[in-house]
Every structure is written in structure tokens, then in C-alpha cells.
Amino acid sequence: GEGAVEFPYPVVAFRGSFLELMLALKAYGNGLRREHVLVHLGGLTKESVKETPVLELYRAGTVFEKSLGTLVREASVGRARPDEVEDFLGGGGVTLEAADAWLASLQAVPRDGLTLELESLGVEGVVMRLIEGKDGFAAHLPEGHEELLAYLEKNLGLTSSFRRFVVEGEHLDREKAARLVASWLMAVEFVHDLRAAPVTEELRALRELGPFAKECRRLVARLRERLPEDYEYFAAQLQDRLQAEREAHAAEVLGATDTFRFEETTIREEALQALRRGQWDAAGAFARERTPEQSFWVRRSPSLQRTWELVRLAASTGRAIEESRRALQRCASLEEAVERYVARLAPVDRQHRVFEQRAHALPSDLEDYDALLEVRGALRRAYRRWADETNRAFFDLCVKGGALPSRGFQQRSLYEEVVQPLVEQGGRTAFVLVDALRFEMAQGLA
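The rules behind each value
Residues numbered from 1 in each chain as written. Predicted model: local features only at pLDDT ≥ 70, side-chain atom pairs only at ≥ 80, totals over all residues. Heavy atoms only, no water. Helix = DSSP H or I, 4+ residues; strand = E, 2+ residues; numbered from the N terminus. Expected span 1.5 Å × (residues − 1). Buried < 20%, exposed > 50% of the residue type's maximum accessible area, 1.4 Å probe, protein only. Polar contact = N/O pair within 3.5 Å; in protein donor to acceptor, adjacent residues only side chain to side chain. Axes fitted to C-alpha atoms, helices over the stretch in contact; angles between N-to-C directions. Parallel < 35°, antiparallel > 145°, perpendicular 65-115°, else oblique. Left-handed = near helix turned anticlockwise from the far one by under 90°. Contact = heavy atoms within 4.5 Å. 1 Å grid on protein atoms, 1.4 Å probe; cavity = no way out; pocket = protein on both sides within 12 Å on 5 of 7 lines; lining within 4 Å. Points joined across faces, edges and corners; volume = space filled by probe spheres on them. Nonpolar A, V, L, I, M, F, W, Y, C, P; charged D, E, K, R; others polar. Core = buried A, V, L, I, M, F, W, Y, C linked by side-chain atoms within 4.5 Å. Phe/Tyr/Trp six-rings, centres within 6.5 Å; stacked < 30°, edge-to-face > 60°. Lys NZ or Arg CZ within 6 Å of the ring centre and 35° of its normal.

A. Quick look at helix α9 (residues 174–193). Compared with an ideal rise of 1.5 Å per residue, which puts 20 residues at 28 Å, α9 spans 29 Å between its outermost C-alpha atoms and is within 8% of the ideal. Counting buried residues in α9 gives 16 out of 20 residues, a clear majority hidden from the surface. Sitting at the amino-terminal end of α9 is D173, which places a side-chain oxygen 3.3 Å from the backbone nitrogen of E175.

B. Summary view of the packing of helix α14 (residues 261–276) against helix α19 (residues 369–401). Remark: α14 packs on α19, axes separated minimally by 8 Å, with the N-to-C direction vectors making an angle of 30°. One finds that α14 runs roughly parallel with respect to α19. In this structure, α14 meets α19 at a crossing whose hand is left-handed. Across the interface between the two elements, L272, L275 and R276 of α14 pack against A371, L372, E374, V375 and A378 of α19.

C. Quick look at unusual backbone geometry. One non-glycine residue, R330, lies in the positive phi region at around 60°. Relative to the helices and strands, R330 resides in the loop between α17 (302–323) and α18 (334–360). The phi torsion at A436 lies on the positive side, around 55°, for a residue other than glycine. Mapped onto the fold, A436 is located in the loop between α20 (412–424) and α21 (439–445). On the basis of relative accessible area, A436 is assigned to the exposed category, the value being 76%.

D. Layout of the layout of surface pockets. Estimated volume of the second largest pocket: approximately 1300 Å³. For the lining of the second largest pocket, the elements supplying multiple residues, two or more each, are α18, α19, α20 and α21. For the lining of the second largest pocket, the element with the most residues is α18, which contributes seven residues. For the lining of the second largest pocket, the class distribution of residues is 27 nonpolar, seven polar and three charged.

E. Region of interest: α17. Over its 22 residues, α17 extends 32 Å from the first C-alpha to the last, a length consistent with the 32 Å expected when each residue adds 1.5 Å. Taken residue by residue, α17 has L304, T307, W308, L310, V311, L313, A314, A315, T317, G318, A320 and I321 as its buried positions. Buried positions along α17 lie against α14, α15 (280–288), α16 (296–299), α18 and α19.

F. Here's a closer look at the nonpolar core. In terms of nonpolar packing, the biggest core is built from 93 residues, with I131, L156, W184, L185, M186 and W308 touching the most fellow members. By residue number, the principal contributor to this core is α9, which donates twelve residues. Excluding anything up to four places from it in sequence, I131 contacts R174, A178, V181, A182, L223, L227, D230 and F234. With seven residues, the next largest nonpolar core counts V12, F14, L21 and V49 among its residues.

G. Inspection of the packing of aromatic side chains at higher detail. Per the stated rule, a full pass over the model turns up 13 aromatic pairs. Look at F162 and W184: their rings are 5.1 Å apart centre to centre, the planes differ by 75°, and that puts the pair in the edge-to-face class. Note that F162 is positioned in helix α8 (residues 160–166) and W184 in helix α9, a separation of 22 residues in sequence. When its relative accessible area of 0% is taken as the criterion, F162 is described as buried. Relative to F234, the ring of Y233 has its centre 5.0 Å away and its plane inclined at 70°; by these criteria the two rings are edge-to-face. Here the aromatic cluster, defined as three or more aromatic residues joined through ring pairs, consists of F162, F165 and W184. Over the ring of F165 we find R241; its NZ or CZ atom is 6.0 Å from the centre of that ring.

Now the structure itself:
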């Protein structure tokens with residue numbers, strides 16, 4: 001039709017006759033190289049196609065499967081309300097041609113001035129202008145709130161039940177409209193990131209939002225990026241209404257994105273508790289996604305950045321301790337033990353030292369100061385056990401093979417083999433002796 005985009009490859013469609021389909025495909029799929037051809041198998045599924053003569057071509061090609069209902073729901077975004085779409089799909093006898101005609105009829109419906117303005121701005125422009133409080137919308141509200149709500153329902157799936165949950169009264173002024181839109185986007189992200197069903201009745205329906213969910217999640221990410229102050233303001237307001245969610249969900253089901261501050265708080269408390277229990281991997285998994293780059297709340301709080309940095313350091317150090325507990329088992333010689341220490345054990349010493357340095361510099365007014373002191377104590381105990389076990393294993397090796405290593409590992413040979421030749425060459429030589437310096441610290445000094 002007019003305005004259609006020309007498809008660059010041949011299209012062969014199944015329209016009820018496999019004989020006609022195979023004759024139309026006769027020119028394709030016979031060579032050694034793959035050919036570009038689109039085969040539309042309307043009405044067939046990945047199971048029913050197994051009983052057809054086109055199975056060989058189906059298996060050889062790339063399959064893109066989508067039901068007509070899903071296709072209609074996606075195509076109707078911005079054109080029809082969700083209830084109108086379901087009424088159409090529930091009418092029976094839905095075909096691609098009927099869906100095309102129905103969507104075309106929606107497009108032909110006359111629009112008022114506000115609706116035309118909304119469509120010209122696009123859904124992202126509408127959302128950002130509402131939340132920013134830009135001039136223009138205030139003149140249309142509250143008189144034009146029905147047109148605005150209809151637009152938001154068609155483009156974002158925003159429901160009347162959620163509107164009643166968030167804002168009071170029938171009419172929307174600019175502030176209420178901004179709060180409603182921001183809350184809807186946040187609620188959609190929260191529900192779709194949650195690894196369990198929400199307990200709040202008004203949120204349960206959001207799990208079945210269909211094609212609107214992806215767009216809502218894109219827009220809430222843009223909102224955090226472009227208008228962080230507004231995002232924080234509206235998130236705090238909606239969080240107050242989600243007390244049931246705050247009490248119902250453990251940290252493990254809250255997902256990777258902290259839409260609300262209470263999610264980050266819950267997960268932080270569980271991460272600190274995991275460290276106190278010595279569950280390094282669990283704490284590390286929580287900390288991995290709480291960086292300034294990935295978490296809005298951490299990015300906006302230097303104290304949270306410091307806390308999560310310590311959580312990551314503690315988790316990685318604890319994990320390194322556990323993974324290297326038996327590093328000196330079955331050593332054949334002192335020389336081999338030294339090599340293993342350099343490769344596997346000195347990095348553990350270094351990690352623990354870095355953690356202790358960071359923990360020592362903690363300000364006492366930090367929100368999690370006491371909990372972090374307990375974490376430091378737990379990690380110190382784990383490190384002490386590890387050091388004692390390592391020293392015991394080295395002692396046993398000395399008893400078994402003698403405490404004196406080969407000449408290259410003896411301090412007494414250092415002067416003769418390294419320092420004296422340099423002195424004899426006539427240059428100035430500085431020979432520095434540092435008492436009781438750990439190997440990994442000597443590496444740093446070097």
C-alpha cells in the first residue's frame with residue numbers, strides 16, 4: 001500500500017496449500033550456500049510444522065515465532081487502550097487482515113488539539129515535560145486530564161486502578177500528573193525486577209503488562225539519568241505507599257535494580273549480615289551490582305559508596321582466604337612452598353592489608369559503622385585461622401625436609417651474590433635492610 005517499505009528479499013507465504021508453497025519454494029534452498037528468503041508460515045507452530053513438507057527448510061533457517069495476539073498487542077501500542085485490544089482479540093476470528101483493518105480504523109479517528117500535541121512530542125517527551133514541570137501542560141490541566149490519561153494508557157499501559165492508588169481525586173493537575181507518571185514507571189520496573197510476586201494488589205496486574213513493560217523500564221532509566229532530583233522526590237513518595245512490599249521481600253528476591261531506597265537498604269543489611277556469617281560469595285553477589293555506575297542510590301551517596309567498597313573488599317578477601325587454605329598441601333620442597341606463596345598466598349596478604357587500611361579510615365558517623373566493625377572482626381578471625389594453618393603447614397614442611405633452603409633462598413648469600421659484585425664495579429650502591437617486612441609489602445615498596 002501507500003507508504004509501505006519495500007522488503008529487500010523475496011517473501012513466500014503459506015496460505016493453506018502446501019503444494020502451492022513447495023512450488024513457490026522450488027527456486028530456493030537447492031544450492032550449497034544459504035539464500036535470503038522469508039517464509040511466512042501463518043497458523044503453524046514449532047510442533048505442527050514437524051508434520052509438514054517444509055520442515056527441512058524450517059530447520060535450516062532462522063526461526064522467528066510470534067503469535068498473532070502478541071503481534072497485535074505490540075502494534076497497537078500508542079493507538080488503542082489495552083482493554084480495547086483485548087476486546088478485539090476476544091471477538092473471535094482474528095486474522096492478520098482483520099487486525100490491519102482494525103488498526104487502520106483507529107488511526108483514522110479524529111484527534112483533539114491536546115492529543116495531537118501529545119503525539120507530536122512522543123511518549124518520552126511527554127513524560128519528561130510532565131515531570132520537569134515544563135510550560136505547556138499546565139495550560140491543559142486539569143481540563144484535559146482525560147485526554148492525557150487516554151494517551152498514557154495507550155502508550156504506557158497506565159491503568160485507572162493504579163491512578164486511584166497513587167493520586168486522590170478525579171482531576172489531575174500538573175503535580176499529580178507528574179507523580180502519577182513517575183510512580184507508574186517506577187512501579188513497573190520494581191515489579192518486573194522482583195523475583196517474586198508483589199503483595200500489593202495494585203501492583204499484581206503489572207506483571208502482565210505485555211509490550212508496555214520494556215518501554216516503561218527504558219523511560220524510568222532515562223528519568224534517573226536526566227532528572228535525578230525529581231526521581232528521588234517521587235521515589236520517596238511512592239515508597240511510603242509500599243510498606244507491604246518493604247516487609248514482605250527478602251534481599252534475595254529484590255532483583256538487580258534498586259528502584260527504591262528501601263531495596264538498597266534491605267540488600268545492604270543482608271550483605272553485612274552475610275559477611276558476619278562468613279558467607280563471602282553471597283555478600284560479593286550483592287555488592288557486585290551496588291556500584292556508583294549501577295545503583296542510583298549509591299551514586300548519590302559518598303557514604304554508601306564507602307560502605308559498599310568495604311563490603312566488596314571484605315567479600316573478595318574472605319573468598320581468597322577460603323580458596324587458598326590448602327595452597328601448601330603436598331609441597332615437595334621449601335623452594336616450591338616459596339613459589340606457591342608468591343603466586344597464591346601473598347595476594348591474600350595484600351588483599352587483607354588493603355581492607356584493613358580502608359576499614360581503619362572509616363568515619364565514626366557512617367550509618368553502618370558498627371556493622372562494619374563487626375565485619376572487620378569476622379574477617380580478622382578468618383585471616384588469623386588461615387595464617388595459622390599456613391604457618392603450620394610450612395612448619396611441617398621444615399620438619400620434614402629441613403629448615404635450610406638452597407643457597408638462592410638464603411639471606412646470608414644475598415650480599416655475596418648480589419651486593420658485593422655491584423660494589424666491586426665501582427658504582428654507588430645502596431643496600432637497604434628492613435626488619436620484619438612482609439613479602440607482599442616489599443613488593444609494594446619495590
